[in-house]
Structure formats: structure tokens, C-alpha cells
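# Structural overview for review
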Amino acid sequence: MFKKDPLQIIVFQTYGTSNHVYLRGRAIEDENINLEEKGAFKLLFNAWKRFETDEIKNSKIRIRLGDNHPFYVKTDNDGYFLFDETIEGIGNFANSEGWVTFELSYEESQLKRDIQSKNCFPGEMLIPSQTASFGVISDIDDTILHTGLVSVLKWRVVFNTLLTSAAKRLPLEGAPEFYNLLHQGKTGEEANPIFYVSHSPWNLYRYLEYFLKKNHFPKGPIILRNFPKPFSKKKTEKPQKQKEILNLLKTYPKLNFILMGDSGEYDPDIYLEIARQYPNRILAIYLRSVNHQKRTLRVSSLYEGFESTPVLFMESSEQAIIHAKKHGFIN
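Heads up: these notes are all about the structure in this document. Keep in mind it's a predicted model, so treat the numbers as computed, not measured.

Within the protein, the secondary structure is distributed over eight helices and 14 strands. Here the protein holds 331 residues, and 50% of them are scored as buried. For the protein, the proportion of contacts with a sequence separation of at least 24, taken over those separated by at least 6, is 73%.

Given below as C-alpha cells:
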């Protein structure tokens, strides 16, 4: 008999309000993935382990905030859980940047398995600081991390995701500096929240979290997506990324936003529709240009005559920094 891998809980960095807790995560076996691994075979094996997960379904998870009475949530058939509840006074537990820390654990009485980290897994939820002037909603792929989504047959996506370790992935030039300036704002102490919203699946959460931290991007909630179920998506349904962005605008009705993306896929369409729907709340749209003439022409045509929101098709982060200074977002 093979010994089963120990259990772990991956808690995704999320966002909430002073009276609403929104925690997401997944209960799975610990496959011992080394994000600094080298060698094609080991990298492919790690990639396989990221997607061939052994989830812990229908398990009771305990959530503790400070010394308060614990709360409970149950995982679904894929090991995911979502705790979405109104709880007063959460803001009292936030640090100066707005982060609230939770402790999550398995109800050990239901399990006869080894559990990592002494069955104590930290989780964090961001409540935007009162000093924040605006929020930033940013894509990841080809916006701050080169993935090659517009390459022929998307071969660069496959190579970069499966055959390059997270430790070796490099951000687009100047991106960390620009994002930190936006986070600091015009006064340098605004703690403007950064939300990373990507079309990538949750299986890549730790990979992307490691990349952002290693390259000194501002800490922020990372919002990914579940794998779509076959034949379940209706043609009239909004893209998941668009739903997540709209939920952020709904969650923080008094906060205006800057949208960051690239011109390679569907960010321009989604951002344009949102800016038209909320013209007074979208401060600017930044779209990083990709090396694809046909798509660049499409996006230029799409935004022709649109003047209600400042839009920059940027070739470099330096261009974006100059634009942001001009509009008073940064100093």
C-alpha cells in the first residue's frame, strides 16, 4: 500500500469589508511542489501535479478570527470552499494596510490523515484602507507577466507555464515599480488596493502568488477561475473576469478604479463595457500593447471616439508612469 500524501489547505488571498467576510480556498493533498525546481522533466511533473490534484471533498473546515468563536465551512466535490458571511466588526482586526488574518484548520475528528503545518493554515482578507484614493484591477498574463497568449497556437503559453519555473519567470520591464507607485498613490501613503484578476485557473494560484511576491509587486487579492464544466456556459453569459470586476465595483461603491490589461485578448472589450457602464468610477484604462498588428488595429478601432475615460495603449511602463503622474494618480 502506498502512503497517502499529507493534507493541506490553500487559502486564497481575498477581499471583504468591515462587516463582510469572504474567504476562498481549497483542501487538497500536499503534492510537495517545488516552485524553484529546475529541469524539464521535473517541471513537467510539477505541472502535472498542479492540475492532477487530490482534493479533500465534503470536509468541514474551521475558521478562526482572533480569539472569537470559530466559524465553519464545508468543501465541495472539488475540494473548494467559500465562506461568504456578514460578521460585524471585522475591520477591528485589520492592520495598517487593511489585511485581516485568519487561521483555518481541518476538523481532525473526521480525518485519519497526517496534516501539514500542525493543522494551522493562515488566510488573509483585504479591507481597503480608509486612506485609499482608488483601487487598481489588473490582469496578469501579458500585462505584468509575459505568457505569449497571442503566439501561434499559444505555444509560448505552454512553454512558459509548463517548462519555466516560477522562480525564473520575469515581470515585464518596469511593472513592479509602476504598481508600487500606484499602491503608494500621490501622497506615498495611500495604500491603494491592487486586485489581480486573471483568466488562469485556481490550480496556478501558488505559482502566481510566488511570482508576484518574488518580484516585489504590491500584495493584493488574487482572483482566478474554476475550470469551466463542459457544455455549461451559455453564450449570453458574461466572462468570469468581467463578473469578478463588477463584483469589486459593487463591494466598494465609494471606491474608483484604474483598469490594467493588455491588447492581446479580451481585456479591451471587457474594460470598455465596464467604463461605459460606470463612467464616473473608472479613472483610467491602461492596455499594454502586444506584438500583434492585427489585434492592435482591432483594439484601436474599438476605442475610436471613446473619450469619457483616459485610455493609454502603452509600449512601456515608463509611458504609463508619465501618464499616471499627469493625471495625478502618483507623485
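Continuing now.
With that out of the way, let us pick up the sheet that holds strand β1 (residues 7-12). Taken in spatial order, the three strands of this open sheet run β1-β3-β6, and their pairing is antiparallel. The sheet terminates laterally at β1 and β6 (80-86), the two strands that pair on one side only. Neighbour-to-neighbour, the strand axes of this sheet turn through a mean angle of 25°, independent of strand direction. Alignment of strand β3 (residues 20-29) against β6, held across seven bridges, turns out to be antiparallel. Within β6, the position partnered with Leu23 by the bridge is Phe83.

What follows covers the pairing of strand β11 (residues 222-225). The alternating pattern of β11 places Ile222 and Leu224 and Ile223 and Arg225 on opposite faces, both of which are buried. Bridging between strand β10 (residues 194-201) and β11 involves three bridges; their strand directions are parallel. In the strand pairing of β11, Tyr196 is matched with Ile222. In the classification by handedness, the crossover that spans β10, the intervening helix α4 (residues 205-214) and the parallel β11 is right-handed.

To continue, consider the sheet that holds strand β9 (residues 135-138). Reading across the sheet, the six strands line up as β11-β10-β9-β12-β13-β14 and stay open at both edges, with parallel pairing between neighbours. The sheet is open, and its two borders are formed by β11 and β14 (311-314), each paired with just one other strand. Direction aside, neighbouring strands of the sheet carry axes that sit 15° apart on average. Two strands pair when backbone bridges link them, and β9 and β10 are joined in this way by three bridges, in the parallel orientation. Pairing of Ser138 across the sheet is with Tyr196, part of β10.

The contact between helix α3 (residues 175-184) and helix α8 (residues 317-326) brings their axes to 9 Å, and the two run at 20°. The angle between the axes of α3 and α8 places the two elements in the roughly parallel class. Between α3 and α8 lies a crossing of left-handed hand. Packed against α3, whose contacting residues are Ala175, Glu177, Phe178 and Leu181, the element α8 presents Ser317, Ala320, Ile321 and Ala324 at the interface.

Once that is clear, we can look at the nonpolar core. By size, the foremost hydrophobic cluster in this structure holds 36 residues, and its most contacted members are Phe178, Leu182, Tyr196, Met260, Tyr286 and Phe329. The element contributing the most residues to this core is α4, with five residues. Ignoring any residue separated from it by four or fewer positions in sequence, one finds Tyr196 in contact with Ser138, Ile140, Ile144, Tyr179, Leu212, Phe217, Pro218, Gly220, Pro221, Ile222 and Ile223. Among the nonpolar cores identified, the runner-up in size contains 24 residues, and Ile285, Val299, Tyr303 and Phe306 belong to it.

With that settled, the discussion passes to the pairing of β9. The alternating pattern of β9 places Gly135 and Ile137 on one face and Val136 and Ser138 on the opposite face, and all of these are buried. Here β9 pairs with strand β12 (residues 257-262) via four bridges, running parallel. Bridging across to β12, Gly135 finds its partner in Phe257.

Definitions and cut-offs
Residues numbered from 1 in each chain as written. Predicted model: local features only at pLDDT ≥ 70, side-chain atom pairs only at ≥ 80, totals over all residues. Heavy atoms only, no water. Helix = DSSP H or I, 4+ residues; strand = E, 2+ residues; numbered from the N terminus. Buried < 20%, exposed > 50% of the residue type's maximum accessible area, 1.4 Å probe, protein only. Contact = heavy atoms within 4.5 Å. Pairing = 2+ DSSP bridges. Axes fitted to C-alpha atoms, helices over the stretch in contact; angles between N-to-C directions. Right-handed = clockwise from strand over helix to strand, strands pointing away. Parallel < 35°, antiparallel > 145°, perpendicular 65-115°, else oblique. Left-handed = near helix turned anticlockwise from the far one by under 90°. Core = buried A, V, L, I, M, F, W, Y, C linked by side-chain atoms within 4.5 Å.

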